[in-house]
Amino acid sequence: ESEEEEEPDEADADAAEAEEGGAQLCGELRARSEKNREAMEKGVRAFVSYLRGYKEHHCRFIFRFKELELARLAKSLGLLRLPRMKEIRKAPKSSLKGFTESTVNPDTVPFLDKAREKQRLRGLAEEAARRAANPEAAADSRKEREKRKREEAAAVAATVADAVAPIDEGIDADANGGDGSDPSSQDEPYKIPGHSHWFRWDATHELEKQGVPEFFDGRSENKTPETYRTIRAAMMNRYRAVKSSGECLRFTRARRGLVGDVNSLQRVFDFLERWGLINWRPRSDPERAAGLGANVPRVV
């Protein structure tokens, strides 16, 4: 009795064909990156941009970074090696499974543009000559960089420790250290939680520079410390206007009329809310007596 051969399922056949085509395309992209430095660098930039955009997206219940298949993303962009990133070091090993580094050294990949390649090679030669002429200086510079990183990390840790040390869930602080008045409105004090005692209307604290660094790194003419303080004051004043009615300030209302990147505005809003500078409710005296209603924002 002969058995009839089962025909392959059409969906499985399509999936196998798509997978084969995808593998071929990824191979072509990698081959191009191995010969063209511009293509290689664009692939790396696209990978880093996609990764950080995915991680920093506010809809994290949809864009789950831990479920992102990094190996497949890297192969789809023709990467020769995975970039040295904190996100890569801390990523689950399962997300990196299947990616193999190219045998081609990225440092040897040339620009097709002869002028750019000549300039790149000249820069490499000058750097090699500097190191050869003064190897101790190169070692010292590495040590200095490492020392500076340690000092910066210690400074941030000390700043955070100083900010959280005086937490007293039963004490509210004024935003100005004096009468707590916002310079733009002297009607009533602007109450903030005790752990945000570092806040000043006329200055920016180290925690703010760490929380929204794009306004302090000097990379954009439109994102400056003055711009940040303007956005901060506008959002806090809008919260002042709604808090008397018991409402919370929503982001859509907070950003109304403000000019700038919506993602940057969202990050400022989240920072202010995290530290209780907006949408924070002081406890009433009965709650303080009972030890209830602390409502102290989480310190990260």
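The shown structure was predicted, so the numbers you read here are calculated from the model rather than taken from an experiment.

Q: How would you summarise the overall build of the chain if you had to cite specific residues and measurements?
A: Broken down by element type, the chain carries 12 helices and 2 strands. Helices and strands in the chain line up, N terminus first, as α-α-α-α-α-α-α-β-β-α-α-α-α-α. Considering the chain as a whole, with its 300 residues, one finds that 28% of them fall into the buried category. In the chain, 60% of the contacts between residues at least 6 apart in sequence involve partners at least 24 apart. When the accessible surface of the chain is summed, it comes to about 20,100 Å², and 49% of that surface belongs to carbon and sulfur atoms.

Q: Report on the environment of Glu28, specifying residues and quantitative values.
A: Within the element layout of this structure, Glu28 appears in helix α1 (residues 10–33). Residues Glu28 and Gly78, 50 residues apart in the sequence, show an inter-C-alpha distance of 7.9 Å.

Q: Describe the nonpolar core, naming the residues involved and giving the relevant values.
A: The biggest cluster of nonpolar side chains holds 27 residues, and the ones touching the most others in it are Met235, Met236, Val268, Leu272, Leu277 and Ile278. Elements supplying a minimum of two residues to this core: α9 (225–243), α10 (251–254) and α11 (262–274). Tallying contributions element by element places α9 first for this core, with 7 residues. Ignoring sequence-local partners within four residues, the contact set of Met236 consists of Tyr190, Phe199, Trp201, Leu272, Leu277 and Ile278. Ranked by size, the runner-up nonpolar core spans 14 residues in total, among them Leu51, Met85, Ala91 and Phe99.

Q: If you had to explain the packing of aromatic side chains to someone new, which residues and values would you point to?
A: How two aromatic rings sit relative to each other is set out by the distance from centre to centre and by the angle between their planes. Within the structure shown, the criterion is met by 10 aromatic pairs. Geometrically, the ring pair formed by Tyr50 and Tyr54 is stacked, given 5.8 Å between the ring centres and 25° between the ring planes. Here the residue Tyr50 and the residue Tyr54 both occupy positions in helix α2 (residues 37–56), the gap between them amounting to 4 residues, near one helical turn. Residue Tyr50 is classed as partly exposed on the basis of its relative accessible area of 42%. Here Phe199 and Trp201 contribute two aromatic rings whose centre-to-centre distance is 5.2 Å and whose plane-to-plane angle is 75°, an arrangement assigned as edge-to-face.

Q: Hey, could you go over unusual backbone geometry for me, with residue numbers and the actual values?
A: Here the phi dihedral of Asn279 falls at roughly 60°; this positive angle occurs in a residue that is not glycine. Turning to its location among the elements, Asn279 is positioned in the loop between α11 and α12 (285–290).

Q: Give a detailed account of the environment of Arg281, specifying residues and quantitative values.
A: As for its position among the elements, Arg281 is in the loop between α11 and α12. Separated by 33 residues in sequence, Arg281 and Cys248 place their C-alpha atoms 9.7 Å apart.

Q: Kindly report on the confidence of the model for the chain, identifying the contributing residues and their values.
A: The pLDDT averaged across the chain works out to 78; a share of 74% of its residues lies at or above 70. Low pLDDT, under 50, characterises residues 1–6; the predicted model gives this stretch 0 contacts beyond four residues in sequence or across chains. Across residues 285–300 the pLDDT falls below 50, and counting only partners more than four positions away or on other chains, this stretch makes 27 contacts in the model.

Q: An account of α9 is needed here, citing residue identities and associated values.
A: Its 19 residues give α9 an end-to-end C-alpha distance of 27 Å, which sits within 8% of 27 Å, the value for a rise of 1.5 Å per residue. Every buried residue of α9 is accounted for by Tyr228, Ile231, Arg232, Ala234, Met235, Met236, Tyr239, Arg240 and Val242. Structurally, α9 contributes buried residues whose contacts are with α8 (206–211), α10 and α11.

Q: How would you explain the environment of Arg200 if you had to name every residue and give the values?
A: By secondary structure assignment, the location of Arg200 is in the loop between β2 (191–193) and α8. Of the polar contacts made by the side chain of Arg200, one reaches the backbone oxygen of His197; its length is 2.9 Å.

Q: Residue-level account of the pattern of salt bridges, with values.
A: A side chain of one charge can pair with a side chain of the opposite charge if their charged atoms are brought near each other. One pass over the structure, following the stated rule, counts 14 salt bridges. Of the charged contacts in the structure, one is a salt bridge between Lys42 and Glu38, with a shortest N-O distance of 3.6 Å. Residue Lys42 and its partner Glu38 are located together in helix α2, separated by 4 residues, close to a single helical turn. Between Arg120 and Glu117 there is a salt bridge, with the nearest N and O atoms lying 3.0 Å from each other. Linking Arg120 with Glu117, this pair stays in helix α6 (residues 114–133), spanning 3 residues, or about one helical turn. With relative accessibility at 15%, the residue Arg120 sits in the buried group. Relative accessible area serves as the criterion here: at 11%, Glu117 is assigned to the buried category. What you see here is one network of salt bridges that share partners, running through Glu127, Arg130 and Arg131.

Thresholds, definitions, all that
- Residues numbered from 1 in each chain as written.
- Predicted model: local features only at pLDDT ≥ 70, side-chain atom pairs only at ≥ 80, totals over all residues.
- Heavy atoms only, no water.
- Helix = DSSP H or I, 4+ residues; strand = E, 2+ residues; numbered from the N terminus.
- Buried < 20%, exposed > 50% of the residue type's maximum accessible area, 1.4 Å probe, protein only.
- Contact = heavy atoms within 4.5 Å.
- Areas by Shrake-Rupley, 256 points an atom, 1.4 Å probe, with all protein chains shown as cover.
- Core = buried A, V, L, I, M, F, W, Y, C linked by side-chain atoms within 4.5 Å.
- Phe/Tyr/Trp six-rings, centres within 6.5 Å; stacked < 30°, edge-to-face > 60°.
- pLDDT = per-residue confidence, 0-100.
- Expected span 1.5 Å × (residues − 1).
- Polar contact = N/O pair within 3.5 Å; in protein donor to acceptor, adjacent residues only side chain to side chain.
- Salt bridge = Lys/Arg side-chain N within 4 Å of Asp/Glu carboxyl O.

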